[in-house]
Amino acid sequence: MHETRDSIKDIWGERTPYYGSWPERVDERTLEEPERWVQSACVLCSNDCGMDIGVKDGKIVGVRGRAVDRVNHGRLGPKGLHAWEANNSPDRLKYPMIKRNGKLEQASWDEAMELIVRRSREIIEKHTSNAIGFYTTGQLFIEEYYTLGVIGKAGLGTPHMDGNTRLCTATAAASLMESFGSDGQPGSYSDLDTTELVMLAGHNMSNTQTVLWTRILDRLSGPRPPVIIVIDPRKTWTAAKADVHLAPKAGTNVAVLNGLQNLLIEMGKIDPEFITQHTTGFEVLKETVKSYTPENVEKLTGIPEGDLRRAAQLIGEAKSMVSTCLQGVYQSNQATAAACQVNNIHLLRGMLGRQGCGVLQMNGQPTAQNTRETGCDGALPAFRNWDNPSHIEELARIWNVNPVIIPHWSAPTHAMQLFRYCEEGSIKMLWISATNPAVSMPDLARIREILDKRDLFLVVQDAFLTETSHRADVLLPAAIWGEKTGTFTNVDRTVHISYKAVEPPGEARSDLDIFLDYARRMEFKDKDGQPLIKWKDPEGAFEAWKVCTKGRMCDYSGMTYEKLSKGSGIQWPCNEQFPDGAERIYTDFHFNTGFEDCETFGHDLDTGAVTSPQEYKAIDPEGKAWLRAADFHSPHETPDEEYPFWLTTGRVVYHFHTRTKTGRSKELYDAAPDAFLQISETDAPRLGIKEGDWVEVTSRRGMVQMQAAVGNIEPGHLFIPFHYGYWDGDFRPRAANELTITEWDPVSKQPHFKYAAVKISKISPQQLSEDPDKKKQKGVFQSISSLIDTISGAILIGGRR
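These figures come from a predicted structure and were not determined experimentally.

Trainee: Go over helix 2 (residues 109-127), please, and point to the residues and values.
Mentor: The first and last C-alpha atoms of helix 2 sit 26 Å apart over 19 residues, in line with the 27 Å expected at 1.5 Å per residue. Every buried residue belonging to helix 2 is among Trp109, Ala112, Met113, Leu115, Ile116, Val117, Ser120 and Ile123, and all of these are buried. Threonine 128 lies just past helix 2 and shows a positive phi near 75 degrees.

Trainee: Can you lay out the pattern of salt bridges for me, pointing to particular residues and giving the numbers?
Mentor: All told, the structure shown has 52 salt bridges when counted by the stated rule. Glutamate 424 is paired through a salt bridge with arginine 420; the nearest N and O atoms lie 3.4 Å apart. Here arginine 420 and glutamate 424 lie together in helix 17 (residues 415-424), a separation of four residues that amounts to about one turn. Here arginine 420 falls in the partly exposed class, since its relative accessible area comes to 36%. The salt bridge involving arginine 448 is made with glutamate 738; its shortest N-O contact spans 3.0 Å. In this pair, arginine 448 is assigned in helix 19 (residues 444-451) and glutamate 738 in the loop between strand 27 (717-721) and strand 28 (757-763), connecting sequence segments 290 residues apart. Sharing partners across several salt bridges, the network here consists of Asp110, Glu114, Arg509, Asp517, Arg520 and Arg521.

Trainee: Run through unusual backbone geometry, naming residues and quoting values.
Mentor: In the segment running from tryptophan 572 into proline 573, the intervening peptide bond is cis, with an omega of 0 degrees. Relative to the assigned elements, proline 573 resides in the loop between strand 21 (570-571) and helix 23 (613-618). Of note in the backbone geometry, arginine 224 takes a positive phi value of approximately 50 degrees without being a glycine. Turning to its location among the elements, arginine 224 is positioned in the loop between helix 6 (210-221) and strand 11 (227-231). Arginine 224 sits in the exposed class, given a relative accessible area of 55%.

Trainee: Tell me about the nonpolar core, residues and numbers included.
Mentor: Counting 196 residues, the largest nonpolar core has Met199, Trp431, Leu476 and Tyr518 as its most contacted members. Beyond its immediate chain neighbours, meaning those up to four positions away, leucine 476 contacts Pro96, Trp109, Ala112, Met113, Ile116, Trp431, Val459, Val460, Gln461, Asp462 and Ile514. Among the nonpolar cores identified, the runner-up in size contains 25 residues, and Leu104, Met416, Phe419 and Phe753 belong to it.

Trainee: I'd like a description of empty space enclosed by the protein, backed by residues and values.
Mentor: Per the counting criterion, the structure on display carries eight cavities of 30 Å³ or more. Approximately 330 Å³ is the volume attributed to the largest cavity. Around the largest cavity, the lining is made up of 26 residues, and of these Gly202, Asp232, Gln327, Gly328 and Lys754 lie nearest the centre. Sorting the residues of the lining of the largest cavity by element identifies helix 13 (327-330) and strand 23 (645-650) as the ones contributing at least two each.

Trainee: How would you explain the pairing of strand 19 (residues 486-489) if you had to name every residue and give the values?
Mentor: Residues Gly486 and Phe488 of strand 19 are buried on one face, and the alternating residues Thr487 and Thr489, pointing to the opposite face, are buried as well. Two elements, strand 19 and strand 20 (residues 494-498), share four bridges in a ladder whose sense is antiparallel. By the bridge assignment, threonine 487 is partnered in strand 20 with isoleucine 497.

What counts, and where the lines are drawn
Residues numbered from 1 in each chain as written. Predicted model: local features only at pLDDT ≥ 70, side-chain atom pairs only at ≥ 80, totals over all residues. Heavy atoms only, no water. Helix = DSSP H or I, 4+ residues; strand = E, 2+ residues; numbered from the N terminus. Expected span 1.5 Å × (residues − 1). Buried < 20%, exposed > 50% of the residue type's maximum accessible area, 1.4 Å probe, protein only. Salt bridge = Lys/Arg side-chain N within 4 Å of Asp/Glu carboxyl O. Core = buried A, V, L, I, M, F, W, Y, C linked by side-chain atoms within 4.5 Å. Contact = heavy atoms within 4.5 Å. 1 Å grid on protein atoms, 1.4 Å probe; cavity = no way out; pocket = protein on both sides within 12 Å on 5 of 7 lines; lining within 4 Å. Points joined across faces, edges and corners; volume = space filled by probe spheres on them. Pairing = 2+ DSSP bridges.

Here is the structure:
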């Protein structure tokens, strides 16, 4: 075994202090000496670090960072260094399965696909293709997303397509569209190399993007370190490095950000010339934020008046600034409105489109950006506007189909509505790929009931049996990263290629091959009677995607597999003007807001009501950015006498999503084996709770039981990590989303995981999982274990069973 560092104990590694050019540091971990290295990039967070896969005897034996890559300069985080072990896990799904008499049984690919095609055709004939929905992920490759997008939009013509990216990045896209007219990050990771100030809003970067946080730690250790401002109700590792830590009450981000804008305007720390020439909406914004005085903000948020003033002063004095947002904004009250206020601050200060200045509306998952770009989240591919007829016609020409088949007659169906349609029975077939909604969606009791509906034909393709996949009528074994070739894009628009390094286990197939097989069997045709899907392999799909993006903001037309294989990832746009990619967009301060260019005509941030094309045309900003104003509104569910605490949920550094990969690395599992309840030093003794005591947490939706961790959170607030479900044999109710609320942002439609009213009580170990509901739940998950044992013979790492 070769390991350059112990990333479990030393998460971010040795400091390499710098200013301007981030030094290289190659991290590596291999269990055996590889016979060969295969180019790839990490898919365990949205940073997408360049890496090589080490292969020996047809198996992955390790990874190393790619020093030449612009994203990570050789570094890898603990998840990247360890989670590849999931590829070799003995409990991988190897064969298609069909549910017969209530039990999943092994089947051939022909049997499985013919059943899916037969049911598809029956449903279309009786109910139209509007009765078919797709719920995908943030972990496939561009080639797979785009193929699925064409199948859904031009083959079936269904508007019911979304991904679990709705849970993590929908607000990033929505806020960029609302402010700048289109999705697409204005900034670049390299802006962190010189910036004077970094503001992290609801973004615990030290846990969620460890390598990007390493970049900041190295800046803090070098000359001219940046000022750090953190907005987060918890005292995280990120907050520990802050010059100012603003810890607001749950759900009050808009009040905080309005307060900062009000102070910047009052202090004259804005750029009037930039505002006049390149924005619209300043007077409305100024009028809206003027009541958010530091005194009023303190009453609304709990943030001391002096802290807010100091943060505004630092922002106002900085000559350059990078802001990032993540789930503390996106999954909280008024998500899009809050994210837009961060954009506003940069527009007020004229801090975009130049070195050291940028906004990074972060993504939650490694390929979430591509879900949005390719249309698998319901939007149209390449940031086209579904409400603009010329965009529809252009897409129809590219696909050579009649424009009427492209579902643009109403807004795309978002994930929460998708499951509602399944609940109501109007969607008869749901195809889920590479995600686990039975753990990740809010209000899990309701989601389980929906997935178990007898009139819902459920198709799942995944690499493992999960809390979701065992409910499938047809279960398809999928190849994962390292077992297939494709490309994906990170937050700062860098595109990486990942080559197939090893064969998938058993008969597992890539998601691309599964979608191509479905398209062929369904006989989807273009206007000339030719196959709708004209490509047969990943490179062919990528070439088709390039055609779809040419001339659009996310222009990939200058990229090739060969070009992506020569060293670092490449940023889009990459075309004749930018053959090596563009580090920043909006460098001329002309934004994508013109009527014919924009991806959306906008929404009311409070209600989500759409702006009609006619209304937008009347106020066409013609390239100016929108300063979007919003008043603060309290969350709909707040603590009361019966449920006196705020609950917020989030991640831990060692796990990703529902642990289907990271939970199969012994080191990652052992580093964070179970869920826990974080409670303040003030509340815990008042309730007689000590570190490690068992507690029961109850909301109006459900209950969980776990051990307490005392400290580093504001009084009145509780925190539970969301990763933990039941697939690894722990039947005690512990999934955070047993408690969360079915509610979403009016614009981005992203669910609210960051607040719910709950109560807690101390319990003894003897009180665990003893009521009828828990016993019923235990039976469900025991059936998963039984299936895993039957199929794979054995499972699970570290002797946990």
